[in-house]
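# Fold and contact review
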Amino acid sequence: MKKLSFAIIFFLLFSYQTGVCAEQYDSQDAFSISSGSLSFSVDPIAPRNVDNAQWTITLENDINFQKKDHVTVSDLSGTNQGWKFTVDFTNFTNITPIEDPTVADAELYVYVDVEDWLSLKMVDDSEGLSELKPEGATLNPASSKGTAISSENYVANNSIIDSGLMELLKIEPGFGAGVFDFYLMYDINVSAWLPDGTTIKSTGQSGSFPNANPVIVANDVQKYQIFAGTYQTTITYNISGNPMI
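Structural notes, computed from the coordinates. Just so you know, these numbers come straight off a predicted model, no measurement behind them. (Residues numbered from 1 in each chain as written. Predicted model: local features only at pLDDT ≥ 70, side-chain atom pairs only at ≥ 80, totals over all residues. Heavy atoms only, no water.)

## Some words on the sheet that holds strand E10 (residues 164–171)
The sheet built from four strands is open, its strands ordered E9-E10-E3-E15 with antiparallel pairing. Only two strands of the sheet have a single partner each, and these edge strands are strand E9 (154–156) and strand E15 (235–241). Each strand axis lies, on average, 25 degrees off the axis of its neighbour in the sheet, ignoring direction. As paired elements, strand E3 (residues 83–89) and E10 share six bridges and run antiparallel to each other. Looking at the pairing, Phe-85 lines up with Leu-169 of E10. (Pairing = 2+ DSSP bridges. Helix = DSSP H or I, 4+ residues; strand = E, 2+ residues; numbered from the N terminus. Axes fitted to C-alpha atoms, helices over the stretch in contact; angles between N-to-C directions.)

## Quick word on the side chain of Ser-74
Within the element layout of this structure, Ser-74 appears in strand E2 (residues 63–75). Judged by relative accessible area, Ser-74 falls into the buried class, the value being 16%. The residues contacting Ser-74, other than those within four sequence positions of it, are Ser-37, Leu-38, Ser-39, Gly-178 and Val-179. (Buried < 20%, exposed > 50% of the residue type's maximum accessible area, 1.4 Å probe, protein only. Contact = heavy atoms within 4.5 Å.)

## Description of the nonpolar core
Counting 45 residues, the largest nonpolar core has Trp-83, Phe-85, Leu-169, Phe-182, Leu-184 and Leu-194 as its most contacted members. The element contributing the most residues to this core is strand E11 (residues 178–190), with six residues. (Core = buried A, V, L, I, M, F, W, Y, C linked by side-chain atoms within 4.5 Å.)

## Some thoughts on unusual backbone geometry
Following Asn-213, the chain continues to Pro-214 via a peptide bond in cis, the omega torsion being 0 degrees. Note that Pro-214 resides in the loop between helix H3 (208–211) and strand E13 (215–216). Even without being a glycine, Asn-80 presents a positive backbone phi close to 55 degrees. The exposure class of Asn-80 is partly exposed, given its relative accessible area of 46%. In the Ramachandran plot, Asp-105 falls in the positive-phi region, its phi being about 60 degrees despite a non-glycine side chain. Within the element layout of this structure, Asp-105 appears in the loop between strand E5 (98–99) and strand E6 (107–112). You can call Asp-105 exposed: its relative accessible area is 83%.

## Considerations on the pattern of salt bridges
Once their charged atoms are close, side chains differing in charge can pair, the charge on each being opposite to the other. Across all of its chains, the model carries two salt bridges by this definition. Residues Lys-67 and Asp-69 are paired through a salt bridge, measuring 3.4 Å at the closest nitrogen-oxygen approach. Overall, the relative accessible area of 4% leaves Asp-69 in the buried class. We note a salt bridge from Glu-131 to Lys-133, for which the minimum N-O separation is 3.8 Å. (Salt bridge = Lys/Arg side-chain N within 4 Å of Asp/Glu carboxyl O.)

Purely geometric stuff here, so don't read any function into it on its own.
Pasting the structure below:
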């Protein structure tokens, strides 16, 4: 009797275990999450408005114009792959006519290398104290919308060495999700003399300038005073993801 009773108990336990497994075979539920956007916005802040700034040429003083852009990056992509913020610079050129003084009905176009007049500092705060650079300040998120990024997890480049595309800030994969603010502080330094390497090109076919058209300024040979006019550089920003592979 004891053996029979034991066998029945064993069978019931085995049957119970099998019933639990049978109830789970079709109880699967799933949901999907769509990615948000990786985007940025720029709020120009100009202590001295470059667009409307004026300077009268003197031989005693150079002039410094300042421009500040407040950049907000929002990474809601759901990839956690980091991001790259880039800028494209053009060289400075005159956007108002400059008469060629050596030939009638001709105009001059002056091209100044962007790095000769423009310099850049990238900071985490509006006062310009916390600079983003190698072994520099921490890039903090806006409010609590992300995790602070130390300098070992980003690559910052503040050196303008040529026109064209430049990678300003690269956030390593695993960081950068959320909303981040930083500031780009520009200095435009101009003197009465055109810098070495400036190109002066005439539309005329005769005259002093066209005889060496274009003229490439070399100050140890011939100095050229800056031509009166309005000069412009175009600054274009872009953002993209930074995948590891």
